[in-house]
Amino acid sequence: MLSNDLHSRNKSSAWLSIDLGALAANYNLFKDQAKPGCAVAGVIKADGYGLGVDKVLATLENQDCAFYFVATLDEALHLRKLTQKPIAMFGGLYHGAEDYYIHDNIIPVLNSLADIKAWQEQTQNHDIPLPAIIHFDTGMNRLGLGQDETQSLLNDQDRLKGLKLEYFMSHFACADDVGSPMTQEQYERFKTATAAFPTIKKSLCNSAGTFRSSDYHFDLLRPGMALYGLNPTPEQDNPMRPVVKLETRILQIRNVKKGETVGYGAIHHFEKDTAVATVALGYADGFLRSLSGKGHLYYKDTACPIIGRVSMDLVTIDIGALNTPPQTGDIIEVLGPYQDADTLAKIAGTIGYEILTDLGRRYHRDYI
Ligand SMILES: *Cc1c(COP(=O)(O)O)cnc(C)c1O
């Protein structure tokens, strides 16, 4: 039999380890940060930021998380099979899908007067109050009621009749930038838009916003990225515990001579004799091709430069500088103590969110 754990791990090209204890600790750090009376939701869209929503949900359930947010209706309907807690979806009210929301008790984030009207018609048709969150756009200009729509709503509050308003919300554009004046401006606009409704609960903060000022907390925080270990305060050390570790294996090692090249396009020319390790990792695993010739992977504590193109299944690294040369089959760190997702993202010209949500399907996943 080859089915024991050790063998099942050995047959994988690379290993993704997700620390659910750290995820729980990160959630609790938000509970500690939240001002008294402010609850902490879990934002678990995009398969829990790529980490596997079922496991993420089970972990947050154990911490008594009372509210979940996702982006799409399909994500919400999947979650509904796993929890009885309130589930809201940012993407609004999908035309023609209203029955799904009602049947599974999904709370739409209503992003326009048209959304509000359509949902209100449902309350009339079904003769029941339906739960809703109303999203005021305070500067992001993507989703939510803009200034004119907000004013129309304030002038005619009958538009809200029959709706069970769970929250008013808005979303920060620049909370990760400690120097941006926009965060405070959005807060002021949100306060103005909601001033006429002192009894309705309010939610403004993503992960980064939470750390900017407790004035912004209101009644519900909506952290996502920081739960998964990304840094919500890029200007200072990461207050979160790391959640993700990614390791791969060396498939082959070869000595190369000055003047030779490596990989597709032969873009890397060796300027001296050295050794190259070919590792099992590629853009099909979400390891971005923009990392070709940039950044490092780690052998033990030593950074080995990525050389040549990142291909679908393989990455090549220069191991010539290592004192004790590695062997075929040895482990190479992609993400872990020596390099976190934020660091790798910066080198790739992207953000940690994209590194996580791109994490591939071929990795052996260990939840610890
Ligand atoms: C994704 C999202 C969040 C969570 O943001 P993070 O930066 O991951 O903490 C909160 N609110 C809205 C509207 C979102 O789309």
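All figures in this text were calculated on a predicted structure; none of them were measured in a lab. (Residues numbered from 1 in each chain as written. Predicted model: local features only at pLDDT ≥ 70, side-chain atom pairs only at ≥ 80, totals over all residues. Heavy atoms only, no water.)

Trainee: Before we go on, may I ask you to explain the nonpolar core in this structure?
Mentor: A general tendency of soluble globular proteins is for nonpolar side chains to be buried together. One finds Ile44, Phe287, Leu297 and Ile317 to be the most contacted residues of the largest nonpolar core, which totals 110 residues. Residues Val256, Val262, Val276 and Ile307 belong to the second largest nonpolar core, which totals five residues. (Core = buried A, V, L, I, M, F, W, Y, C linked by side-chain atoms within 4.5 Å. Buried < 20%, exposed > 50% of the residue type's maximum accessible area, 1.4 Å probe, protein only.)

Trainee: Can you walk me through the site of the ligand in this structure?
Mentor: Taken together, 13 residues sit near the ligand, with Lys45, Tyr49, Ser207, Met225 and Tyr353 positioned nearest. Between an oxygen atom of the ligand and a side-chain N or O atom of Lys45, the distance comes to 2.7 Å. A distance of 2.6 Å is found between an oxygen atom of the ligand and a side-chain nitrogen or oxygen belonging to Tyr353. The residue makeup of the shell around the ligand, split by class, is seven nonpolar, four polar and two charged. (Near = heavy atom within 4 Å. Polar contact = N/O pair within 3.5 Å; in protein donor to acceptor, adjacent residues only side chain to side chain. Nonpolar A, V, L, I, M, F, W, Y, C, P; charged D, E, K, R; others polar.)

Trainee: Hey, could you run me through unusual backbone geometry in this one?
Mentor: Trans is the prevailing form of peptide bonds, just as negative phi is the prevailing case for residues other than glycine. With phi around 55°, Asp127 is a residue other than glycine that occupies positive phi space. Counting through the fold element by element, Asp127 comes out in the loop between α7 (113–126) and β7 (130–135). In this structure Asp127 comes out as exposed when scored by relative accessible area, which is 70%. Non-glycine residue Phe218 carries a positive phi angle of around 50°. Relative to the helices and strands, Phe218 is located in the loop between α10 (207–212) and β10 (220–221). (Helix = DSSP H or I, 4+ residues; strand = E, 2+ residues; numbered from the N terminus.)

Trainee: Could you clarify how one ought to interpret the environment of Gly293 in this entry?
Mentor: Position of Gly293 relative to the elements: it lies in the loop between β14 (274–280) and β15 (296–299). Here Gly293 falls in the partly exposed class, since its relative accessible area comes to 49%. Residues Gly293 and Phe270 lie 23 residues apart in sequence; the distance between their C-alpha atoms is 12 Å.

Trainee: Is there a simple way to explain helix α5 (residues 73–80) in this structure?
Mentor: Helical periodicity: at 3.6 residues per turn, an α-helix aligns residues three or four positions apart in one direction. Inspection of α5 places Leu73, Ala76, Leu77, Leu79 and Arg80 among the buried residues, and these make up the whole buried set. For α5, the arc enclosing every buried residue in end-on projection is 160°, short of the 170-degree limit, so these residues lie on one face. Packing partners of the buried residues in α5 comprise α4 (53–62), β4 (68–70), β5 (87–89), α6 (98–104) and β6 (106–110). (Arc of directions from axis to C-beta. Contact = heavy atoms within 4.5 Å.)

Trainee: Please clarify how the domain arrangement of the protein chain should be interpreted in this entry.
Mentor: One widely used convention gives an interface's size as the accessible area the parts lose upon coming together. Each assigned domain of the protein chain is listed here: domain 1 (20–228) and domain 2 (244–367). Between domain 1 and domain 2, the C-alpha centre-to-centre distance is 38 Å. Facing nine residues of domain 1, the contacting portion of domain 2 comprises seven residues. For the pair domain 1 and domain 2, the summed buried surface comes to about 790 Å²; carbon and sulfur atoms form 70% of the total. For the interface between domain 1 and domain 2, the tally reads zero salt bridges. Inspection of the domain 1/domain 2 interface yields three residue pairs in polar contact (both at pLDDT 80 or more). (Domains from an automatic or database assignment. Buried area = accessible area lost by both parts, 1.4 Å probe. Salt bridge = Lys/Arg side-chain N within 4 Å of Asp/Glu carboxyl O.)

Trainee: I would appreciate a short explanation of the pairing of β6 in the present structure.
Mentor: Walk down a regular strand and you will see the side chains alternate between the two sheet faces. Of all the five residues making up β6, five are buried; the element is thus mostly covered by neighbouring parts of the structure. Both faces of β6 are covered, namely the face carrying Ile106, Pro108 and Leu110 and the face carrying Ile107 and Val109. Taken together, the three bridges between β5 and β6 define a ladder with parallel strand orientation. Along β6, the bridge assignment pairs Met89 with Pro108. Sheet topology places β6 next to β7; two bridges connect them, and they run parallel. By the bridge assignment, Val109 is partnered in β7 with Ile133. Taken together, β6, α7 and β7 form a β-α-β motif whose crossover is right-handed. (Pairing = 2+ DSSP bridges. Right-handed = clockwise from strand over helix to strand, strands pointing away.)

Trainee: Would you mind showing me how to read the environment of Asp137 here?
Mentor: Here Asp137 lies in the loop between β7 and α8 (147–155). Each C-alpha atom, one on Asp137 and one on Leu359, is 31 Å from the other, the two residues being 222 residues apart in sequence. When near neighbours in sequence (up to four residues on either side) are disregarded, Asp137 contacts Arg142, Leu143, Gly144, Leu145, Gly146 and Ser170.

Trainee: Explanation requested: the packing of helix α2 (residues 20–33) against α4 in the structure shown.
Mentor: The geometry of a pair of packed helices is captured by two quantities: the angle between their axes and the separation between those axes. Where α2 contacts α4, the axes come no closer than 9 Å and their chain directions differ by 50°. As judged from the angle between their axes, α2 and α4 are oblique. The way α2 lies across α4 gives a crossing that is right-handed. Contacts from Leu20, Leu23, Ala24 and Tyr27 in α2 reach Lys55, Val56, Thr59 and Leu60 in α4. Residues belonging to the contact of α2 with α4 are distributed by class as follows: six nonpolar, one polar and one charged. (Axes fitted to C-alpha atoms, helices over the stretch in contact; angles between N-to-C directions. Parallel < 35°, antiparallel > 145°, perpendicular 65-115°, else oblique. Left-handed = near helix turned anticlockwise from the far one by under 90°.)

Trainee: What exactly am I supposed to notice about the packing of aromatic side chains here?
Mentor: The tally for this structure, following the rule as stated, stands at 14 aromatic pairs. Between the aromatic rings of Tyr187 and Phe218, the centroid separation amounts to 6.0 Å while the plane-to-plane angle is 45°, which identifies the pairing as tilted. Of the two residues, Tyr187 is situated in helix α9 (residues 182–194) and Phe218 in the loop between α10 and β10; the sequence distance between them amounts to 31 residues. What makes Tyr187 buried here is its relative accessible area of 9%. (Phe/Tyr/Trp six-rings, centres within 6.5 Å; stacked < 30°, edge-to-face > 60°.)

Trainee: How should the pairing of β7 be read in this particular structure?
Mentor: Across the six residues that make up β7, a large majority, six, are buried. Of the strand pairs in this sheet, β7 and strand β8 (residues 163–169) are connected by six bridges, and their pairing is parallel. Each residue of the ladder has a partner; that of Ala132, found in β8, is Leu165. With α8 bridging β7 and the parallel β8, this β-α-β connection has right-handed handedness.

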